[in-house]
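Below are the chains, spelled out letter by letter.
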Amino acid sequence: MRYLDRHVLILISGSEVVTTLAPTGGIFQLNQAKILSSIYKKVGLLSSGFLTFPNEFRNSNYKKEESLKRLKIFRDYKKLYAPKRIFPVELLSKLYIKIALNQFERYILKYGKPDIIHAHNIIYSGLVAQKIKEKFDIPYIITEHSSIYMRGQHKKYLSLINKEISFKFNLFAVSDKSSEVLKKTFDLSYVGVINNVLSATFLQPTKQKKNKGTFKFINIGNLTNNKNHKLIINSFLKAFNPSDKVKLVIVGKGPKKKRLYELVQRSGRTHQFEFYDYLKQDEIKGLLLSSDCFVLSSNFETFGVVIIEAMACGLPVISTKCFGPEDILNQNQGGVLVEKNNLEQMVKALRESKREKQEVREQISFYTRDKYGHDSFIKKIVSIYNTFWDE
């Protein structure tokens, strides 16, 4: 295969990428970097920052340098020994930038200067990319994944961002809804969209495993307030009787796990629930293929990768109207949207989902693998990068 003679650098400042303490950290960005390395001659990924409190006190094993064919990965995580929230934003930003710039200079000594930098998230990767541009004149784009702008949690960063970064058609969101939020936040006329992409695991067509009489709903995600699993559990308990052949599978870890499990125990219906911790992608795919409907109850999602993973496996989706999923499900017949925190709408959707036909599920899978597959992503990203190189 002939590779495009360009050097692309992925920048992730403030997040670990697949370490023992963060096994799913940066997994979507890593997936994109792997795809880019299949078409460009040289691709790097730099990940740096501070270990999340209290992980400073735990053993974190990670490879500081790693090669995956043409993809070169650099990791550098320092210990802060205090919660990051107690530090002023400006001071924390300077610390992140210092670590990332030192890492960048080590990288270019070994692999040379990149032709473009693709930063993931304004805080702190976008700030780092701006400093690199000022010193080395390397163009950059930013993909924003965070939901802080939807939640109104970005205000403490706003003056810093406006002072340091001048957006020039180089800011991208992961969904149309997120794009609208960012345009309003920064008073911009244009914020592009680069959807997240399916990993290779979910692009391989696989037949669903038929359940013997039991209809399985499944949810995958961190067990936090934002994911609002309580809505799913209470809706499930109201929608069905203890004797109904239905089951709710919940996959994930987080601070709400104990309370959610206690809620199920109090209902006296533990036989209709299954809980799993984090699983590998092939294990998640196996669970999805043996399920019948995916349910999301979040308050905010910038995109919803787990939704397209479920749809790639042929599952219809029920989701709250929480920004990103609205874009995905509005364009496809395999989904139902309900209002956030609306128990009655969720109950109705759960009951009606049992009527979905097999041929519809095959259509859902084909549509999703085509729209969110590697070819669609490559076509879009090459076009965007070329715009900056042609200037």
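Every value quoted in this text rests on a predicted model; they were computed, and no experiment measured them.

**Let's talk about the side chain of Gln-103**
- Within the element layout of this structure, Gln-103 appears in helix H2 (residues 89–111).
- On the basis of relative accessible area, Gln-103 is assigned to the buried category, the value being 1%.
- The contact partners of Gln-103, leaving out residues within four places of it in the chain, are Leu-46, Ser-47, Ser-48, Phe-74, Arg-75 and Asp-76.

**Observations regarding the nonpolar core**
- Judged by nonpolar contacts, the single largest core of 43 residues is most densely connected at Phe-104, Ile-117, Ile-122 and Tyr-149.
- The element that contributes the greatest number of residues to this core is H2, accounting for ten residues.
- Contact partners of Phe-104, with chain neighbours within four places excluded, come to Leu-9, Leu-46, Pro-114, Ile-117, Ile-132, Phe-136 and Ile-138.

**A short note on helix H3 (residues 122–136)**
- When you tally the buried positions in H3, you get eleven out of 15 residues, the bulk of the element.
- Of the residues making up H3, those classed as buried are Ile-122, Ile-123, Tyr-124, Ser-125, Gly-126, Leu-127, Val-128, Ala-129, Gln-130, Ile-132 and Phe-136.
- Positive phi appears at Asp-137, one or two residues downstream of H3, with a value of about 55°.

**Topic: the environment of Asn-170**
- Counting through the fold element by element, Asn-170 comes out in the loop between helix H5 (155–164) and strand E7 (171–173).
- Sequence separation between Asn-170 and Ile-142 is 28 residues, and the spatial gap between their C-alpha atoms is 6.2 Å.
- The contact partners of Asn-170, leaving out residues within four places of it in the chain, are Tyr-140, Ile-141, Ile-142 and Phe-388.
- A polar side-chain atom of Asn-170 sits 3.4 Å from the main-chain carbonyl oxygen of Tyr-140.

**Comments concerning the packing of helix H1 (residues 27–36) against helix H14 (residues 374–389)**
- One way to put it is that H1 packs onto H14 with a least axis distance of 11 Å and a crossing angle of 80°. With respect to H14, the axis of H1 lies roughly perpendicular. Side by side, H1 and H14 meet where Asn-31, Gln-32, Ile-35 and Leu-36 of the first sit next to His-374, Phe-377, Ile-378, Ile-381 and Tyr-385 of the second.
- Class assignment for the residues of the contact of H1 with H14 results in six nonpolar, three polar and no charged.

**Thoughts on the sheet that holds strand E8 (residues 192–193)**
- With respect to topology, eight strands assemble into an open sheet ordered E3-E4-E2-E1-E5-E6-E7-E8, the strand pairing being mixed. Looking at strand neighbours, the two that pair on one side only are strand E3 (65–68) and E8, the edges of this open sheet.
- By the bridge criterion, four bridges tie strand E5 (residues 116–120) to strand E6 (residues 140–144) in an arrangement that is parallel. When the bridges of E6 are listed, His-118 appears paired with Ile-141.
- Packing against the sheet, H1 makes contact with strand E1 (4–13), strand E2 (40–50), E3, strand E4 (71–78) and E5, and its axis sits at approximately 160° to E2.
- Against the sheet, helix H6 (residues 176–186) makes contact with E6, E7 and E8, and its axis sits at roughly 140° relative to E7, the strand it touches most.

**Some thoughts on the sheet that holds strand E14 (residues 335–338)**
- Here we have six strands laid out as an open sheet, ordered E11-E10-E9-E12-E13-E14, and parallel in their pairing. Strands at the two margins of the open sheet, each flanked by one partner only, are strand E11 (273–276) and E14. Adjacent strand axes in the sheet meet at a mean angle of 20°, parallel and antiparallel pairs treated alike.
- Examined bridge by bridge, strand E13 (residues 317–320) and E14 share four bridges and lie parallel to one another. The partner of Val-317 across the bridge, within E14, is Gly-335.
- Packed onto the sheet, helix H10 (residues 305–312) meets strand E9 (215–220), strand E12 (293–296) and E13 and runs at close to 170° relative to E12.

**Quick word on the packing of aromatic side chains**
- All told, the structure shown has 22 aromatic pairs when counted by the stated rule.
- Note on Phe-74 and Tyr-111: the rings are 6.1 Å apart at their centroids and 75° apart in plane angle, and the pair reads as edge-to-face. A residue pair is termed long-range when its members are at least 10 positions apart, and Phe-74 in strand E4 and Tyr-111 in helix H2 qualify at 37 residues. This pair shows no difference in class: Phe-74 is buried, exactly as Tyr-111 is.
- Between Tyr-261 and Phe-275 the ring centres are 5.4 Å apart and the planes differ by 75°, which places this aromatic pair in the edge-to-face class. Taken together, the residues span a long stretch of sequence, with Tyr-261 in helix H8 (residues 257–267) and Phe-275 in strand E11 at a distance of 14 residues.

What counts, and at which threshold
Residues numbered from 1 in each chain as written. Predicted model: local features only at pLDDT ≥ 70, side-chain atom pairs only at ≥ 80, totals over all residues. Heavy atoms only, no water. Helix = DSSP H or I, 4+ residues; strand = E, 2+ residues; numbered from the N terminus. Buried < 20%, exposed > 50% of the residue type's maximum accessible area, 1.4 Å probe, protein only. Contact = heavy atoms within 4.5 Å. Core = buried A, V, L, I, M, F, W, Y, C linked by side-chain atoms within 4.5 Å. Polar contact = N/O pair within 3.5 Å; in protein donor to acceptor, adjacent residues only side chain to side chain. Axes fitted to C-alpha atoms, helices over the stretch in contact; angles between N-to-C directions. Parallel < 35°, antiparallel > 145°, perpendicular 65-115°, else oblique. Nonpolar A, V, L, I, M, F, W, Y, C, P; charged D, E, K, R; others polar. Pairing = 2+ DSSP bridges. Phe/Tyr/Trp six-rings, centres within 6.5 Å; stacked < 30°, edge-to-face > 60°.

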